[in-house]
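Now for the letters of each chain:
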Amino acid sequence: MSDRTDTNGARPVVLVLGGGFAGIGAAQHLGKSDVDVVLVDKNDYHTFQPLLYQVATGLLEQPAVGHPVRDLFHDQDNVRIHKDRVTAIDLGARKVEFGKLGPIVYDYLVLGLGAEVNFFGVDGAAEHAFPLYTLPDAVRLKNQVLRMWEAADKEPDLIDDGALNVVVVGGGPTGVETAGALTELYNGLLRKDYPDVPEDAARVFLVEASPEIFSMFKPELRAYALEALTERGVEVLTGDVVASVSPLRVRLKSGKELRAHTLVWGAGLQGNALVQSLGLELERGNRIAVDEQLRIPSHPEVFAVGDIAAITDAKTGQVLPQLGSVALQSGEHAGETIAALAAGKDPKPFKYRDKGTMATIGRGSAVVQMLGGKTMKGRKAQVAWGAVHLALLPTNQNRAKAVVDWAGAGLTHQRSARITVET
Ligand SMILES: Cc1cc2nc3c(=O)[nH]c(=O)nc-3n(C[C@H](O)[C@H](O)[C@H](O)COP(=O)(O)OP(=O)(O)OC[C@H]3O[C@@H](n4cnc5c(N)ncnc54)[C@H](O)[C@@H]3O)c2cc1C
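Residues numbered from 1 in each chain as written. Predicted model: local features only at pLDDT ≥ 70, side-chain atom pairs only at ≥ 80, totals over all residues. Heavy atoms only, no water.

Caption draft 1: Expanded view of the overall build of the chain. Per the secondary structure count, the chain includes 10 helices and 27 strands. A compact globule built from 423 residues would reach a C-alpha radius of gyration of about 22 Å, and the chain, at 22 Å, matches this within 12%. Principal-axis analysis of the C-alpha atoms gives the chain an extent of 70 × 45 × 40 Å. Counting over 423 residues, the chain shows a buried share of 55%. Counted over contacts in the chain with a minimum sequence separation of 6, partners at least 24 positions apart contribute 65%. Accessible surface computed for the chain: about 18900 Å², of which carbon and sulfur atoms make up 50%. (Helix = DSSP H or I, 4+ residues; strand = E, 2+ residues; numbered from the N terminus. Rg over C-alpha atoms; globule rule 2.2 N^0.38 Å. Buried < 20%, exposed > 50% of the residue type's maximum accessible area, 1.4 Å probe, protein only. Contact = heavy atoms within 4.5 Å. Areas by Shrake-Rupley, 256 points an atom, 1.4 Å probe, with all protein chains shown as cover.)

Listed below in structure tokens is the structure:
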């Protein structure tokens, strides 16, 4: 039972750590259950990561991508939300500690703390790179890009020094989407905003270690994405790796030096650092292995869901990718399983319903690949991308906002969120 007073002590306490897709899915599926749910996240908002690059490039405003967590539980009176940082998890004592809250002892624990950026020890990356994993990251990157254009407009020497160039690291969906969106922002609007900046003053590089970008997609989709990026003006450098980053230069392993004052890191993730303290054997990328109920085998009252977990797909035997739909479905399943256990019923194994792996490259250009191998590209794929991501947005209000912004940007090519707000 909990040490805290916001649960009545009579019902099982379900502690949900993380208000991402996974944690929200779990808590929402406990709404009709006879349990007390406590959800804790270090932020008071749920971040919609798939659209972060749209905030970073001025297409969407922050509230379309960050939604108040408490809003999602107004109709669920067995849930309490706290904004606090998890500092320690003791699986043996069934106890979690926080920055400010008192410790909470749980009957069931849902670990939905997600992943975090992995700089792979690259010299200078942690200090100087711009990762794109959180809402503050997206706002920081947008402000940096706008600041660089403003500065170069005033001081043309900066252009020769590469102030407007951006290096994006990582040829997966995050890197490709960001590089594509940046060139659209550059070519569509910033050139008009700053008519005195010469046409060829700003370059966008995409650096990928593998021989090709989009290694998770079939060759035909890789070729399509490369062509679409190149047409937009992205300079794709494959088979090379970033060796070091300084505020004004990016050095590659091949010896090449790129003049760029902005480096976007979209290259790697690892499970939340807290997992290393759990005393568990971890899978590749610091992920927690779970059984078919999504429980940690040595601690069956603990569920690991979303990006923090290595969930094996029952159909294919493969570990599922770190995707929004995997996180949401696994979180929902954990909630349903706890509800079944609390009601004395037998839980069912997790079955993933594939929504496809997908990414956009730019306006009218996207790729989709289903687990079975079916593929789509171009406008059709972009519509599918839009439908899947709208379904993942937490409320109808967010969906309406995203549709209005996307439709507006599609028709007018405007990105009205390209303003810097200094605090
Ligand atoms: C840039 C980007 C683009 C993406 N694009 C797509 C896409 O197009 N399609 C797709 O399906 N997926 C996409 N993904 C992946 C998808 O967003 C993730 O798979 C999904 O968000 C994982 O959900 P989660 O709930 O496991 O973790 P998260 O969404 O990361 O949620 C974890 C939560 O835990 C909280 N937290 C972390 N540490 C602590 C702590 N110590 N104390 C308290 N709280 C803490 C965080 O604040 C966060 O709210 C993208 C990811 C990124 C980064």
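Caption draft 2: Representation of the pattern of salt bridges in the model. This structure, assessed with the given rule, holds 12 salt bridges. Connected through salt bridges with shared partners, the residues Asp161, Arg249, Arg251 and Glu257 form a single ionic network. (Salt bridge = Lys/Arg side-chain N within 4 Å of Asp/Glu carboxyl O.)

Caption draft 3: Highlighting the pairing of strand 6 (residues 86-90). In this structure, strand 6 lies alongside strand 7 (residues 95-98), joined through four bridges in antiparallel fashion. Following the sheet pairing, Asp90 is matched in strand 7 by Lys95. Here strand 6 hands over to strand 7 after four residues, with Arg94 in that stretch at a positive phi of 55 degrees. (Pairing = 2+ DSSP bridges.)

Caption draft 4: Here's a closer look at the site of the ligand. Taken together, 29 residues sit near the ligand, with Asp41, Gln49, Val86, Asp307 and Gly324 positioned nearest. In this structure, an oxygen atom belonging to the ligand sits 3.4 Å away from a side-chain N or O atom of Asn43. Between the ligand and Leu323, the relevant distance is 3.3 Å, taken from an oxygen atom to a main-chain nitrogen or oxygen of the residue. Surface burial for the ligand is 93%, taken as the share of its 1000 Å² of free accessible area covered by protein chains. Elements with a contribution of two residues or more to the shell around the ligand: helix 1 (21-28), helix 8 (324-342) and helix 9 (379-392). Grouping the constituent residues of the shell around the ligand by class yields 11 nonpolar, 13 polar and five charged. (Near = heavy atom within 4 Å. Polar contact = N/O pair within 3.5 Å; in protein donor to acceptor, adjacent residues only side chain to side chain. Nonpolar A, V, L, I, M, F, W, Y, C, P; charged D, E, K, R; others polar.)

Caption draft 5: Unusual backbone geometry, seen in detail. Backbone geometry at Asn286 places phi at a positive 60 degrees, although glycine is not the residue there. With respect to the secondary-structure elements, Asn286 resides in the loop between strand 20 (282-283) and strand 21 (287-289). The exposure class assigned to Asn286 is buried, which follows from its relative accessible area of 15%.

Caption draft 6: Geometry of the packing of helix 4 (residues 135-154) against helix 6 (residues 173-193). It is the contact of helix 4 with helix 6, at a shortest axis distance of 13 Å, that shows an interaxial angle of 40 degrees. Here helix 4 runs over helix 6; the crossing is right-handed. Between helix 4, through Leu141, Val145, Leu146 and Trp149, and helix 6, the contact on the second element is made entirely by Thr178, Leu182, Leu185, Tyr186, Leu190 and Arg191. Looking at side-chain class alone, the contact of helix 4 with helix 6 contains eight nonpolar, one polar and one charged residues. (Axes fitted to C-alpha atoms, helices over the stretch in contact; angles between N-to-C directions. Left-handed = near helix turned anticlockwise from the far one by under 90°.)

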